[in-house]
Amino acid sequence: MREKQLLMIPGPTPVAQPVLRACSKPMINHRGPEFAELQDECNRGLAAAFKTTDDILTLTCSGTGAMEAAVVNTLSPGDKVLCLVIGAFGDRFAQIAKTFGAQVERMDFEWGQAVDERKLAARLKQDSAREIKAVLVTHNETSTGVTNDLAAIAAVVREHGALILVDAVSSLVAMDLRADEWGLDVVAAASQKAFMLPPGLAFVSMSARAWDANTTAKMHRYYFDLQKAKEFMDKKQTPWTPALPQMYGLQEGLRLIEEEGLENCFARHRRLGSAVRAACAAMGLKLFADPAHASNAVTAILAPEGTTPKQIRSLLLDKYGVVLAEGQGKLKDTVFRIGHLGYVNETDIMTTLAALGAGLHQLGPKVDLGAALDAAHRELTATSGAQT
Ligand SMILES: *Cc1c(COP(=O)(O)O)cnc(C)c1O
């Protein structure tokens, strides 16, 4: 039964049956009345997820497209931007800004650590001439399993006055993000992570400040022109043909999220994240992330002595059909990652941990599987009160 797999990677994530069914609906005229209704309902659901009254544009592309849209719609070549980099995705955001001609200043933090807001505050304080136009930051760094304190970072940036552009691709819906309350200017997200949808859609919110910057922003753009996207959204259309199957999936996915309740959804991710971390500790596994900033969406685990991440991932795939992610960039030969976001539940987590413990045992390291599952179970039940 090779086809039966448990997909435990940080995107694409498993998709629920009702969403898959919704994706197979017949096509409609994307300039007709049914599309207007579909878009309106999706926009209401997205507004709830982003916790904003700002415009949210839906784009047909992956998350990187939304990151690019964030940059090119608010900045001009030569603009100075400060990129907070704590891993591979922060690096990507900086690359995009550089590619389109921004003058990029990087603030690198050791991989595994979160952004230190005090260092950020100190740097922004130096900028008395207000040369820094925007701060680019990753909410949840998927490559290292670290979540930044976005509320604190945003507060520091707000004080300075620069725009804050946020990559929330692997955080939105998995953990709290309050675009309005925190004063986030542009937030980029995508369908294939915690939204539990197939890949193919990305979402970008634009604050009033961001639209203001847009009026003078000169970076090249055509497909990702958000001004155009907004014009068409106001006519209840999109400038280009949208990915209709994914839009139907989005409508259903947002209904599922509403049914669970956003706060319950966060609580589920907290439970799953802490269960994975507790089981790893009980198995003697070392986690890559600073425990104070451990992500509830993804965990990066160091391969124990005498094993390689590749060996572990291959064995789990071949023997148990459990799919884990490899390390990104410089972590390729050091870590493997478990994605625990989206349409993932307690059963998936227990199964994954059992397969991991049994797999490691076969590769050499002596692990106490019983203790690991016990620890996971304790975390899964201890905080379950938040769910209705
Ligand atoms: C997945 C991801 C992206 C986007 O990747 P795509 O493959 O373009 O969808 C961006 N940022 C983070 C933090 C991610 O996890």
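It should be emphasised that the depicted structure is a prediction, and the values quoted were computed from it without experimental measurement.

Across its full length, the protein chain carries 14 helices and 14 strands. If you line up the protein chain on its principal axes, its C-alpha atoms span 60 × 55 × 35 Å. Burial analysis of the protein chain (388 residues in total) assigns 61% to the buried set. Of the contacts made within the protein chain by residues no fewer than 6 positions apart, 73% connect residues no fewer than 24 positions apart. Counting only carbon and sulfur atoms, one obtains 52% of the accessible surface of the protein chain, whose full area is about 15,900 Å². In the protein chain, the 41 positive side-chain charges and the 44 negative ones have mean positions that sit 3 Å from each other.

Turning next to the site of the ligand. In the neighbourhood of the ligand, 14 residues make up the surrounding shell, with Ser62, Thr64, Thr142, Asp167 and Lys193 lying closest. The side chain of Arg92 places a nitrogen or oxygen atom 3.5 Å from an oxygen atom of the ligand. Contacts to the ligand include Gln192, whose side-chain N or O atom sits 2.7 Å from an oxygen atom. Relative to its unbound accessible surface of 380 Å², the ligand loses 87% to contact with the protein. Elements that contribute at least two residues to the shell around the ligand include exactly helix H3 (63-72) and helix H4 (88-99). For the shell around the ligand, the element with the highest residue contribution is H3, accounting for three residues. The residue inventory of the shell around the ligand, partitioned by class, reads three nonpolar, eight polar and three charged.

Moving on, we get to H4. The first and last C-alpha atoms of H4 sit 16 Å apart over 12 residues, in line with the 16 Å expected at 1.5 Å per residue. Of the positions making up H4, those classed as buried are Ala88, Phe89, Gly90, Phe93, Ala94, Ile96 and Ala97. On the buried face of H4, the contacting elements are H3, strand E3 (80-85), strand E4 (103-108), strand E5 (132-138), strand E6 (140-141) and strand E8 (163-167). Positive phi appears at Gly101, one or two residues downstream of H4, with a value of about 95°.

Here the focus is the pattern of salt bridges. Going through the model one piece at a time under the given rule, you end up with 21 salt bridges. A salt bridge links Arg255 to Glu41; its shortest N-O distance comes to 2.8 Å. One end of the pair, Arg255, is in helix H10 (residues 244-260); the other, Glu41, is in helix H2 (residues 33-50), with 214 residues separating them in the sequence. Arg255 gets classed as partly exposed once you look at its relative accessible area, which sits at 37%. Judged by its relative accessible area of 23%, Glu41 falls in the partly exposed class.

Here helix H11 (residues 262-282) crosses helix H14 (residues 369-382) at 155°, and the two axes come no closer than 8 Å. The orientation of H11 with respect to H14, classified from their angle, is roughly antiparallel. In this structure, H11 crosses over H14, and the sense of that crossing is right-handed. When H11 is examined against H14, the residues Arg271, Leu272, Ser274, Ala275, Ala278, Ala279 and Ala282 are found in contact with a partner set consisting of Ala371, Ala372, Ala375, Ala376, Glu379 and Leu380. Class assignment of the residues belonging to the contact of H11 with H14 gives a composition of 10 nonpolar, one polar and two charged.

With an omega dihedral of -5°, the bond running from Gly11 to Pro12 counts as a cis peptide bond. Note on placement: Pro12 falls in the loop between strand E1 (6-7) and helix H1 (17-23). Even without being a glycine, Met196 presents a positive backbone phi close to 55°. Among the structural elements, Met196 can be located in the loop between strand E9 (186-190) and strand E10 (201-206). Of note, Lys236 is a non-glycine position whose phi angle comes to about 60°, a positive value. Relative to the helices and strands, Lys236 resides in the loop between helix H9 (226-234) and H10.

So, on to the pairing of E9. When you tally the buried positions in E9, you get five out of five residues, the bulk of the element. The alternating pattern of E9 places Val186, Ala188 and Ala190 on one face and Val187 and Ala189 on the opposite face, and all of these are buried. Summarising the sheet, E8 and E9 pair through three bridges and their orientation is parallel. The residue of E9 that forms the bridge with Leu165 is Val186. Pairing of E9 with E10 involves five bridges; the strand directions are antiparallel.

Here is what the cut-offs are and how they apply
Residues numbered from 1 in each chain as written. Predicted model: local features only at pLDDT ≥ 70, side-chain atom pairs only at ≥ 80, totals over all residues. Heavy atoms only, no water. Helix = DSSP H or I, 4+ residues; strand = E, 2+ residues; numbered from the N terminus. Buried < 20%, exposed > 50% of the residue type's maximum accessible area, 1.4 Å probe, protein only. Contact = heavy atoms within 4.5 Å. Areas by Shrake-Rupley, 256 points an atom, 1.4 Å probe, with all protein chains shown as cover. Lys, Arg positive; Asp, Glu negative; His and termini not counted. Charge placed at Lys NZ, Arg CZ, Asp CG, Glu CD. Near = heavy atom within 4 Å. Polar contact = N/O pair within 3.5 Å; in protein donor to acceptor, adjacent residues only side chain to side chain. Nonpolar A, V, L, I, M, F, W, Y, C, P; charged D, E, K, R; others polar. Expected span 1.5 Å × (residues − 1). Salt bridge = Lys/Arg side-chain N within 4 Å of Asp/Glu carboxyl O. Axes fitted to C-alpha atoms, helices over the stretch in contact; angles between N-to-C directions. Parallel < 35°, antiparallel > 145°, perpendicular 65-115°, else oblique. Left-handed = near helix turned anticlockwise from the far one by under 90°. Pairing = 2+ DSSP bridges.

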